[in-house]
Number of protein chains: 2
Amino acid sequence: MRPLQGALVEGTATVAPAAATDESDLLLRAARGDVTARTPVWLMRQAGRYMKAFRAYSEKYPFRMRSETPEIATELSLQCWRAFGVDGVIMFSDILTILPALGVEFDVVPGKGPAICDTLRSESRVAEYELAVDRFAPSDQLPFVGETLRALRQETEGKTTLVGFVGAPWTLAAYAVEGGASRHALEIKGMMHSNPTLAHDLLAATSDAVARYACHQIENGAQMVQLFESWAHHLSPADFSEFAKPYAQRVARYVNDRHPDVPLIFFANGGSSYLELQREMVAPDAFSALSIDWAVDLATARTVLGEGTPIQGNVDPSLLLASPDAVDAAVERCIAQAGGPGNRHILNLGHGVLQQTPEANVAAFVNAAKNHGIRRS
Amino acid sequence: MRPLQGALVEGTATVAPAAATDESDLLLRAARGDVTARTPVWLMRQAGRYMKAFRAYSEKYPFRMRSETPEIATELSLQCWRAFGVDGVIMFSDILTILPALGVEFDVVPGKGPAICDTLRSESRVAEYELAVDRFAPSDQLPFVGETLRALRQETEGKTTLVGFVGAPWTLAAYAVEGGASRHALEIKGMMHSNPTLAHDLLAATSDAVARYACHQIENGAQMVQLFESWAHHLSPADFSEFAKPYAQRVARYVNDRHPDVPLIFFANGGSSYLELQREMVAPDAFSALSIDWAVDLATARTVLGEGTPIQGNVDPSLLLASPDAVDAAVERCIAQAGGPGNRHILNLGHGVLQQTPEANVAAFVNAAKNHGIRRS
């Protein structure tokens, strides 16, 4: 790997000379594919119940109120940045936030997760949904999203990178068909295998909605956007190729046409057994980077994806329940597997922070990136 | 891939001339790594609740009684063979069956799964467990296992292959530490990362017990044995390398020393994102074949594992909820991905049969193997 690292050092022309001291857009530049002076770091679900400050809100306000009230969503998004100095702030939101605007109401049952009563299983429900997608107007229907992002941009401008958050079409559609958490996703998979036309109609409509939602987030301040294919573990490679990948790509192309400078990251949770299918999703008119789950070694991922592909990840979240020293060692190892500091790599977990995680270990994670992630040039 | 297939055809000297008509040991020969006249087929969890004949027992007798009463276990093991003509009979049993003999009692709560009260979390409990492993005497403590296998061998002798069933050491130890089904396996992973010495002691003892248990199954009639690393999805590649793989290999070496002609299959459910780590587990003194979960394309698996590695799998079990035609197409595709009929491949699912599966689709699965799996030579 060493000769190639050398080659990458020669290719650092896109990094401004002041890069080593100015860290405010480190994450943004790494997401764009630049070699960076330091490996940037943030954590999926960094705004979460592991934080005492977060629990003060989660014990007081129900789930949807927290993500749909700009003052609360703004505060929850910023807490971890203030506490740990992560290199990016992701809007506190949920994959399902968009659904009520598309005629699919949901509630979140504490300890059980989301619950959708009127699931999208019939041709008539999908037809209604398609009409709702046509009428979808984020500013009117989800005004809190724009408000939250504008407030966050004001707080973070010139200091850190603001990240938007959307569910990928397949995962979002799967939720709407299953009606909530699901062990085997048999309803959506039943539709895919027995009535593929209906599944494709549903996914096409969902892609259109997600694409416009992502643009709305960008137009209100998001500087990059991550698409969460959180249920990729339900998909075989064949199903991923037919039902997930083309719709995620459709979103990426739509957004790219309108906002070519805004990097998009694709995260397929459970998709690291078919990285070869994700490789071509990174392209000038598509995604800028791939977020990798913790089931694969990043060195292996690099081999499959090619050295030039920007990657994010992928420490096992359960490691953050061990000692701060163990966290430090895991970060050092992860950065080495990615090919060394600043090597088109965003340090992150391979999945969201677990709620049992001690805050001191999140601090250790971020600090380890700042210690071990400095590029020697 | 075609030139290599040609090479394999030239190497079929180990297949007896009568192979095309005698199908009784097709599974056994494929597990040993022979090119076979037809791709053999069986299904993980083929003795299961999807069968009406099985439910007649599961509604009447509690879980442990079914697997620990030779007459019932024998009948349940044979039902699917009689109904569908699969190429092997696997002893109806459970990963945890061995645990009570090692001082870890468990019960199975309907709808919730296994429940272990006295978990193995402390140094004193692990020390007790080590003593129990030293004293482990399968014939005395688990007499029903030998009885069941001897009865099954009598029923199947000369007609089909009898398969033994053991949990792999890491999964078995993880169950004993977690105490039951677990979302993130945080207890065992906490032990691995905070007290690795204790975890290694536990795993070493578990390997010794599993190795002797596998030999006991062979000595009572099992013609091949599958090790189920059912919880591999909880393991990062680094953890798999340190805590699972060496102990599975230890079992394989022990069994091989005593029964070099008995093929052992290793199945890591959720391990297809680190196939490169499994590759070297197939060796003359170790495993004969790898069973592959449904998260990877078998053609990709072949590339990673090498053309000569015998593989088993890997149709997505949810496909068996679609139409018989869809099942037929999925089998044809799977055999093609494995490199064509009889190409060191055992057709199976990538995980156990789902209980919602129509029996007609299991029949379609087996018949499709018999139609599309015939090697043209």
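Before reading on, note that the structure itself is shown above.
As the structure is a prediction and not an experimental result, all values here were calculated from the model. (Residues numbered from 1 in each chain as written. Chains lettered and ligands numbered in written order. Predicted model: local features only at pLDDT ≥ 70, side-chain atom pairs only at ≥ 80, totals over all residues. Heavy atoms only, no water.)

### Details of the packing of aromatic side chains
All names here are of chain A. A full pass over the atoms with the stated rule returns 20 aromatic pairs over all chains. Between Tyr57 and Tyr61, the aromatic rings sit 6.2 Å apart at their centres with planes inclined by 40°, giving tilted as the arrangement. Grouped by ring-pair contacts, the aromatic residues Phe240, Phe266, Tyr274 and Phe287 constitute a single cluster. Above the plane of the ring of Phe106 lies Arg64, whose end atom (NZ or CZ) is 4.6 Å from the centre. The side chain of Arg258 reaches across the aromatic face of Tyr254, ending 3.6 Å from its centre. (Phe/Tyr/Trp six-rings, centres within 6.5 Å; stacked < 30°, edge-to-face > 60°. Lys NZ or Arg CZ within 6 Å of the ring centre and 35° of its normal.)

### Things to note about unusual backbone geometry
Residues and elements named next belong to chain A. Cis geometry marks the peptide bond from Gly313 to Asn314; its omega dihedral reads -10°. Among the secondary structure elements, Asn314 is positioned in strand E8 (residues 311-315). Phi at Arg344 is positive, roughly 50°, even though this residue is not glycine. Locating Arg344 in the fold gives a position in the loop between helix H15 (324-337) and strand E9 (345-349). Under the relative-accessibility criterion, Arg344 is labelled buried at 17%. (Helix = DSSP H or I, 4+ residues; strand = E, 2+ residues; numbered from the N terminus. Buried < 20%, exposed > 50% of the residue type's maximum accessible area, 1.4 Å probe, protein only.)

### Here's the deal with the sheet that holds strand E8 (residues 311-315) of chain B
Residue and element names in this part refer to chain B. Strand order in the open sheet made by the seven strands is E1-E4-E5-E6-E7-E8-E9, with parallel pairing throughout. In this open sheet, the two edge strands, each paired with only one partner strand, are strand E1 (88-90) and strand E9 (345-349). Direction aside, the axes of adjacent strands within the sheet are offset by 25° on average. One ladder, built from two bridges, connects strand E7 (residues 289-291) with E8; its direction is parallel. Bridge assignment links Leu290 to a residue of E8, and that residue is Ile311. Most of the contacts of helix H8 (residues 143-156) go to strand E4 (residues 161-167), to which it runs at about 155°, and overall it touches E1 and E4. (Pairing = 2+ DSSP bridges. Axes fitted to C-alpha atoms, helices over the stretch in contact; angles between N-to-C directions. Contact = heavy atoms within 4.5 Å.)

### Here we look at the interface of chain A and chain B
In this complex, chain A contributes 27 residues to the contact, which on the side of chain B involves 27 residues. Contact between chain A and chain B buries roughly 2000 Å² in total, counting both sides, with carbon and sulfur atoms accounting for 63%. Ranking the residues of chain A by area buried against chain B places A:Leu186, A:Ser273 and A:Trp294 at the top, with a combined share of 24%. For the pair chain A and chain B, the interface holds two salt bridges. Between A:Asp316 and B:Lys189 there is a salt bridge, with the nearest N and O atoms lying 2.9 Å from each other. At the surface where chain A touches chain B, the tally comes to eight residue pairs in polar contact (both at pLDDT 80 or more). The set of elements that each furnish at least two residues to the side of chain A that touches chain B consists of helix H10 (186-194) and helix H12 (237-258) of chain A. Take the side of chain A that touches chain B: its biggest share by element is four residues, from H10(A). Across the side of chain A that touches chain B, the residue classes tally to eleven nonpolar, eleven polar and five charged. (Buried area = accessible area lost by both parts, 1.4 Å probe. Salt bridge = Lys/Arg side-chain N within 4 Å of Asp/Glu carboxyl O. Polar contact = N/O pair within 3.5 Å; in protein donor to acceptor, adjacent residues only side chain to side chain. Nonpolar A, V, L, I, M, F, W, Y, C, P; charged D, E, K, R; others polar.)

### Regarding the relation of the copies chain A and chain B
With an RMSD of 0.0 Å, chain A superimposes on chain B once it is rotated by 180° and translated 0.0 Å along the axis. Within this description, the copies of the chain are treated as partners about a two-fold rotation axis. Among all residues of chain A, the minimum C-alpha distance to the rotation axis is found for A:Ser273, at 2.1 Å. (Least-squares fit on C-alpha atoms with pLDDT ≥ 70 in both.)

### What about empty space enclosed by the protein?
Residues and elements named next belong to chain B. Within this structure, the stated rule accounts for one cavity of 30 Å³ or more. Quantified by volume, the largest cavity comes out at close to 30 Å³. Forming the boundary of the largest cavity are Ser67, Ala73, Met91, Phe92, Ser93, Phe144, Val145 and Thr148. The element contributing the most residues to the lining of the largest cavity is H8, with three residues. Grouping the amino acids of the lining of the largest cavity by side-chain chemistry returns five nonpolar, three polar and no charged. (1 Å grid on protein atoms, 1.4 Å probe; cavity = no way out; pocket = protein on both sides within 12 Å on 5 of 7 lines; lining within 4 Å. Points joined across faces, edges and corners; volume = space filled by probe spheres on them.)

### Focus on the pattern of salt bridges
Side-chain pairs of opposite charge can arise whenever the charged atoms involved come near each other. Summed over the entire model, instances satisfying the criterion amount to 26 salt bridges over all chains. Of the charged contacts, one joins A:Glu68 and A:Arg64 as a salt bridge, the two residues approaching to 2.9 Å between their closest N and O atoms. Within this pair, A:Glu68 and its partner A:Arg64 are both found in helix H4 (residues 63-68), separated by four residues, close to a single helical turn. Note that B:Glu187 is salt-bridged to B:Arg121, the shortest N-O span being 3.6 Å. Taken together, the residues span a long stretch of sequence, with B:Glu187 in helix H10 (residues 186-194) and B:Arg121 in the loop between strand E3 (113-115) and helix H6 (123-135) at a distance of 66 residues. Residue B:Glu187 is classed as partly exposed on the basis of its relative accessible area, which comes to 38%. Among the residues examined, B:Arg121 registers a relative accessible area of 38% and is labelled partly exposed.

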